[in-house]
Amino acid sequence: MNIKRVTLHITEMKLVFPFATSYGTYRERESILIEIEDMDGCIGWGEVVAFSQPWYTEETVQTSLHMLREFLVPSLLGRTIEHPSELPQLFSNVKRNRMAKAGLEGAVWDIYAQHKNQPLAAVLGGVRSDIEVGVVIGIDTLPRMLQQIERYAVEGYQRFKVKIKPGYDSELLQGIRQAFPNLPLMADANSAYTLQDKDQLKKLDDFGLMMIEQPLADDDILDHALLQKELQTPICLDESIHSLEDARVAITLGSCRVVNIKAGRVGGLTEAIRIHDYCQAHHIPVWCGGMIETGISRAQNVALAALPNFTIPGDISASSRHWEEDVIIPDITLSDGRVPVSSVPGLGYKVNRKRLRNITMQTIVLENHS
Ligand SMILES: O=C(O)CCC(=O)C1=CC=C[C@@H](O)C1C(=O)O
Ligand SMILES: [Mg+2]
């Protein structure tokens, strides 16, 4: 394929209700939706999952826009690409900025799959026709969190993740366990603790959690290994894993027993597949993380989670979990706690142009004039 035009749609959508984490609260979601057209007129969609604020990782919507306009898109325009897995090499002179790179790679995978006349899941190596999914509940009062768990259990979610923070962990989990003794439950701390909190974290072993996600800082690979030795609960790493190399170090040191894979965090689907394969070879189960994203990235996550070692339900909730109206047609919906893996060539969902226009703040068109 030869890339003719890249359109960056900068959008904003309001969450159906605020989502609170240990580091801050999301109320609106600014996103960069990437539309790529090749010389054959084939259109692919990708999404940059960076947030407006550098809370989760250092990338933001504005830093991503800078990288895309000045460096990444110019290196892609007019280029002939045989396979999307060439992109990491093509972008290798741009350090990090993985979410910006992943947004472009996602759109190129969509075009590639359409040219092959295959669903995205199939070209990624997916083996499932549907996936089990989980949901995330932000920090709130215990009664309100219990109410949400109740509601999502009725909707069919298979796994429940709650956000925790120092001072709001054991008491919260105790309350949840009293109401739901057998709930498949896990907790995500988003790096809010240090190794000095070891004794408090050990208390969380009492709640039969499936895992505790990212208790320590993203660069605390060694401290996570020390902590994992003391905990019965498996540690899952999210923010610490930016690459296959990070996964190799973490698994070798025993810093985690589970890995959360987000294509955006690791620089794209190619690196996500490499991490998946490495974890599979080392008997480390993985699951697909979420980024409060629009349906474009959500649909891509469904395809990725069809790979064989995604054995734990991921944070791939229905479109309605965060949005009044999604940007794709049809919506992502659950049936019996499962989301079907699309069998339509490419991403398998259409972009709703009317909805896109309504949520667009700015449109940037970058073309190859040579
Ligand atoms: O997409 C969702 O529904 C929420 C997923 C989620 O937990 C996260 C979203 C955004 C930033 C992070 O705090 C985060 C995570 O840590 O996994
Ligand atoms: Mg997380």
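Residues numbered from 1 in each chain as written. Chains lettered and ligands numbered in written order. Predicted model: local features only at pLDDT ≥ 70, side-chain atom pairs only at ≥ 80, totals over all residues. Heavy atoms only, no water.

(A) Region of interest: the site of ligand 1. Close contacts around ligand 1 come from 18 residues, with Y23, D188, N190, I292 and H322 the closest. Here an oxygen atom of ligand 1 sits 3.0 Å away from a polar atom, N or O, in the side chain of K163. Here H322 contributes a side-chain N or O atom positioned 2.7 Å from an oxygen atom of ligand 1. The fraction of the free accessible surface of ligand 1 (400 Å²) that becomes covered by protein chains is 100%. A majority-of-atoms criterion places ligand 1 in the largest cavity. Of the residues contributing to the shell around ligand 1, the split by class is seven nonpolar, four polar and seven charged. (Near = heavy atom within 4 Å. Polar contact = N/O pair within 3.5 Å; in protein donor to acceptor, adjacent residues only side chain to side chain. Areas by Shrake-Rupley, 256 points an atom, 1.4 Å probe, with all protein chains shown as cover. 1 Å grid on protein atoms, 1.4 Å probe; cavity = no way out; pocket = protein on both sides within 12 Å on 5 of 7 lines; lining within 4 Å. Sits in = over half its atoms within 2 Å of the grid points. Nonpolar A, V, L, I, M, F, W, Y, C, P; charged D, E, K, R; others polar.)

(B) Summary view of the packing of aromatic side chains. With the rule as written, the count across this model stands at six aromatic pairs. Ring geometry for Y23 against Y26: centres 6.1 Å apart, planes inclined by 80 degrees, an arrangement best described as edge-to-face. Note on Y26: relative accessible area 4%, which makes it buried. Note on W109 and Y112: the rings are 6.0 Å apart at their centroids and 85 degrees apart in plane angle, and the pair reads as edge-to-face. Pair noted here: W109 and Y112 are both in helix α3 (residues 98-116), with a separation of three residues, about one helical turn. Of the two residues, W109 and Y112, neither departs from the other in class, the shared state being buried. Put simply, the rings of Y23, Y26, F51 and W55 touch in pairs and so form one group of aromatic residues. In this structure, R159 is placed above the aromatic ring of W287, and the distance from its NZ or CZ to the ring centre is 5.2 Å. (Phe/Tyr/Trp six-rings, centres within 6.5 Å; stacked < 30°, edge-to-face > 60°. Buried < 20%, exposed > 50% of the residue type's maximum accessible area, 1.4 Å probe, protein only. Helix = DSSP H or I, 4+ residues; strand = E, 2+ residues; numbered from the N terminus. Lys NZ or Arg CZ within 6 Å of the ring centre and 35° of its normal.)

(C) Region of the structure containing the domain arrangement of the protein chain. Assigned domains within the protein chain: domain 1 (3-118 + 350-367) and domain 2 (122-340). Distance from the C-alpha centre of domain 1 to the C-alpha centre of domain 2: 23 Å. Taken together, both faces of the contact between domain 1 and domain 2 bury some 3600 Å²; the carbon and sulfur share is 67%. Ranking the residues of domain 1 by area buried against domain 2 places F19, Y56 and R98 at the top, with a combined share of 18%. The tally of links between domain 1 and domain 2 comes to one salt bridge. Linking E325 and R355 is a salt bridge whose minimum nitrogen-to-oxygen distance equals 4.0 Å. (Domains from an automatic or database assignment. Buried area = accessible area lost by both parts, 1.4 Å probe. Salt bridge = Lys/Arg side-chain N within 4 Å of Asp/Glu carboxyl O.)

(D) Spotlight on empty space enclosed by the protein. The tally for this structure, following the rule as stated, stands at four cavities of 30 Å³ or more. Here the largest cavity is characterised by a volume of approximately 230 Å³. Forming the walls of the largest cavity are 24 residues, and the residues nearest its centre are F19, V136, G290, M291 and I292. Every element with two or more residues in the lining of the largest cavity is listed here: β5 (134-137) and β6 (159-163). The element that contributes the greatest number of residues to the lining of the largest cavity is β5, accounting for three residues. Each residue belonging to the lining of the largest cavity can be placed in one class, and the counts come to nine nonpolar, six polar and nine charged. (Points joined across faces, edges and corners; volume = space filled by probe spheres on them.)

(E) Examining the packing of helix α5 (residues 142-155) against helix α6 (residues 170-179) more closely. Two elements in contact, α5 and α6, have axes whose closest approach is 10 Å; the angle formed by their N-to-C orientations is 45 degrees. As the angle between them shows, α5 and α6 are arranged oblique. With respect to the hand of their crossing, α5 and α6 are arranged in right-handed fashion. Counted together, L142, M145, L146 and I149 of α5 and L172, G175, I176 and A179 of α6 form the full contact between these two elements. Across the contact of α5 with α6, the residue classes tally to seven nonpolar, one polar and no charged. (Axes fitted to C-alpha atoms, helices over the stretch in contact; angles between N-to-C directions. Parallel < 35°, antiparallel > 145°, perpendicular 65-115°, else oblique. Left-handed = near helix turned anticlockwise from the far one by under 90°. Contact = heavy atoms within 4.5 Å.)

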